[in-house]
Amino acid sequence: MGSFYVMTWSKELEVAAQAARKAAEVALRMQPGITSESKSDHSPVTPADRECERLIAGILNEAFPDDGILGEEGARAESRSGRRWIIDPIDGTRDYLRGNALWANLIALEVADEVMVGVVNLPMLGTLYKASREGGAYRNDSRMHVSSKKTVEESVLCYSQFNRPERVPFKAQLPDWMARFWAVRDLGGAPDAMMVAAGQAEIWIEPRAAAWDFAPLKVIVEEAGARFLNFDGGSSIHAGNAVVFTPGLEGEVKRLLGLGT
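Rules used in this analysis
- Residues numbered from 1 in each chain as written.
- Predicted model: local features only at pLDDT ≥ 70, side-chain atom pairs only at ≥ 80, totals over all residues.
- Heavy atoms only, no water.
- Pairing = 2+ DSSP bridges.
- Helix = DSSP H or I, 4+ residues; strand = E, 2+ residues; numbered from the N terminus.
- Contact = heavy atoms within 4.5 Å.
- Axes fitted to C-alpha atoms, helices over the stretch in contact; angles between N-to-C directions.
- Buried < 20%, exposed > 50% of the residue type's maximum accessible area, 1.4 Å probe, protein only.
- Expected span 1.5 Å × (residues − 1).
- Arc of directions from axis to C-beta.
- pLDDT = per-residue confidence, 0-100.
- Parallel < 35°, antiparallel > 145°, perpendicular 65-115°, else oblique.
- Left-handed = near helix turned anticlockwise from the far one by under 90°.
- Nonpolar A, V, L, I, M, F, W, Y, C, P; charged D, E, K, R; others polar.

1. Looking at the sheet that holds strand E5 (residues 83–91)
For step 1, the next point in the chain: The strand order across the open sheet formed by 8 strands is E4-E3-E5-E6-E7-E8-E9-E10, and the pairing between neighbours is mixed. Single-partner strands in this sheet number two, and they are strand E4 (76–77) and strand E10 (142–143).
For step 2, the next point in the chain: Pairing geometry for strand E3 (residues 68–71) and E5, over 4 bridges, is parallel. Across the sheet, the residue bridging to Gly-68 is Arg-84, located in E5.
For step 3, the next point in the chain: Running over the sheet, helix H2 (residues 47–63) touches E3, E5 and strand E6 (104–111) and is turned about 150° from E5.
For step 4, the next point in the chain: Relative to strand E7 (residues 114–122), helix H6 (residues 211–223) is tilted by about 100°, and along the sheet it contacts E3, E5, E6, E7, strand E8 (127–132) and strand E9 (136–139).

2. Remarks on unusual backbone geometry
For step 1, the next point in the chain: Phi angles above zero are rare outside glycine, and Glu-134 is one such case at about 70°.
For step 2, the next point in the chain: Mapped onto the secondary structure, Glu-134 falls in the loop between E8 and E9.
For step 3, the next point in the chain: In the Ramachandran plot, Asn-140 falls in the positive-phi region, its phi being about 45° despite a non-glycine side chain.
For step 4, the next point in the chain: Tracing the backbone shows Asn-140 in the loop between E9 and E10.
For step 5, the next point in the chain: With a relative accessible area of 40%, Asn-140 lands in the partly exposed category.

3. Observations regarding the sheet that holds strand E11 (residues 156–159)
Working definition: the strands of a sheet are paired by backbone hydrogen bonds and lie parallel or antiparallel to each other.
For step 1, the next point in the chain: Taken in spatial order, the 5 strands line up as E12-E11-E13-E15-E14 in an open sheet, and their pairing is mixed. Only two strands of the sheet have a single neighbouring strand rather than two, namely strand E12 (183–185) and strand E14 (227–229). When the angles between neighbouring strand axes are averaged without regard to direction, this sheet yields 15°.
For step 2, the next point in the chain: Helix-sheet contacts for helix H5 (residues 190–197) involve E11, E12, strand E13 (203–206) and strand E15 (242–245), and the interaxial angle to E13 is about 155°.
For step 3, the next point in the chain: This element, helix H7 (residues 250–257), spans E13, E14 and E15 of the sheet and lies at about 160° to E15.

4. Examining H2
For step 1, the next point in the chain: Between its first and last C-alpha atoms H2 spans 25 Å; for 17 residues at 1.5 Å apiece the expected length is 24 Å, and the two agree.
For step 2, the next point in the chain: Looking only at H2, the buried set comprises Ala-48, Asp-49, Cys-52, Glu-53, Ile-56, Ala-57, Ile-59 and Leu-60. Each buried residue of H2 lies within a common arc of 160° when the element is viewed along its axis, so the set occupies one face. Every exposed residue of H2 that faces more than 90 degrees away from the buried side is listed here: Arg-54 and Glu-62.

5. Looking at the pairing of E9
For step 1, the next point in the chain: Taken together, the 4 bridges between E8 and E9 define a ladder with antiparallel strand orientation. Among the inter-strand pairings, Lys-130 is bridged to a residue of E9, identified as Tyr-138.
For step 2, the next point in the chain: The turn joining E8 and E9, which pair antiparallel and follow one another in sequence, is formed by 3 residues; a positive phi near 70° is taken by Glu-134.
For step 3, the next point in the chain: With antiparallel pairing between neighbouring strands as the criterion, E9 and E10 make up a hairpin whose turn holds 2 residues, including Asn-140 at a positive phi of roughly 45°.

6. Details of the confidence of the model for the chain
For step 1, the next point in the chain: A residue-level look at the chain finds 97% of positions with pLDDT of 70 or above and a mean pLDDT of 94.
For step 2, the next point in the chain: Across residues 1–7, confidence stays below pLDDT 50; counting only partners more than four residues off in sequence or on other chains, it has 6 contacts.

7. Digging into the side chain of Thr-246
For step 1, the next point in the chain: Tracing the backbone through its elements, the reader meets Thr-246 in the loop between E15 and H7.
For step 2, the next point in the chain: On the basis of relative accessible area, Thr-246 is assigned to the buried category, the value being 0%.

8. Some points on the packing of H5 against H6
For step 1, the next point in the chain: Where H5 meets H6, the axes come as close as 9 Å, and the angle between the chain directions of the two elements is 15°. Accordingly, the angle class assigned to the pair H5 and H6 is roughly parallel. The two elements H5 and H6 cross, and the hand of that crossing is left-handed. Judged by residue contacts, Ala-190, Ala-193, Met-194 and Ala-197 of H5 engage Leu-217, Ile-220 and Val-221 from H6.
For step 2, the next point in the chain: By residue class, the composition of the contact of H5 with H6 is 7 nonpolar, no polar and no charged.

Below, the structure written as structure tokens:
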């Protein structure tokens, strides 16, 4: 069954990875001295965000003309196939603006509300992560799997948006819970999730983000063996929040979320 899915999604993975790499080349070329403007949600956007989205959407449309497109910077195309590509051309624009290495190109394919293909390219770290549903998760073509740690005392927690503690329903117990971990990190979203997928961390909490932030991460972490839950116990990229975690820490996470075990 695994080989069937690998064959089924091989073209989609190849095209998405190619689009992500080409977008990274454009972003890196435009980066020196680039400026930004603020969007309605006060997040920054640069000419590179828009140019990369145009490039990615164009490559995807040429390869899969019947598929829909949803891009963070406004790219839209109606689907005639029941499939939709979801694009975040530069995830981590603040890092991109400052010359930090933690920005990424995110591309995913959603089919019937399920993410089937995902690519996360971290060009300044020289790392491309990818996965297809039932086809496994890979970092630079090497298979990935989550860690087997079972206690928070030996685990790494990644937590986004320390500056917005009010965005989580479990804020009262969060400080004491965090204090138990072996280490706590905040790399900005995609890098955090990929650390969990690669066995370098055990939990990532994201209090607020959009579907294009989550889409490729979901299939990659799940194919690496992690769980993807919303705060209410669902598992959707459209819910606005997520906790990604290894199976060994499921009880800890569910207790934090008030979901029982």
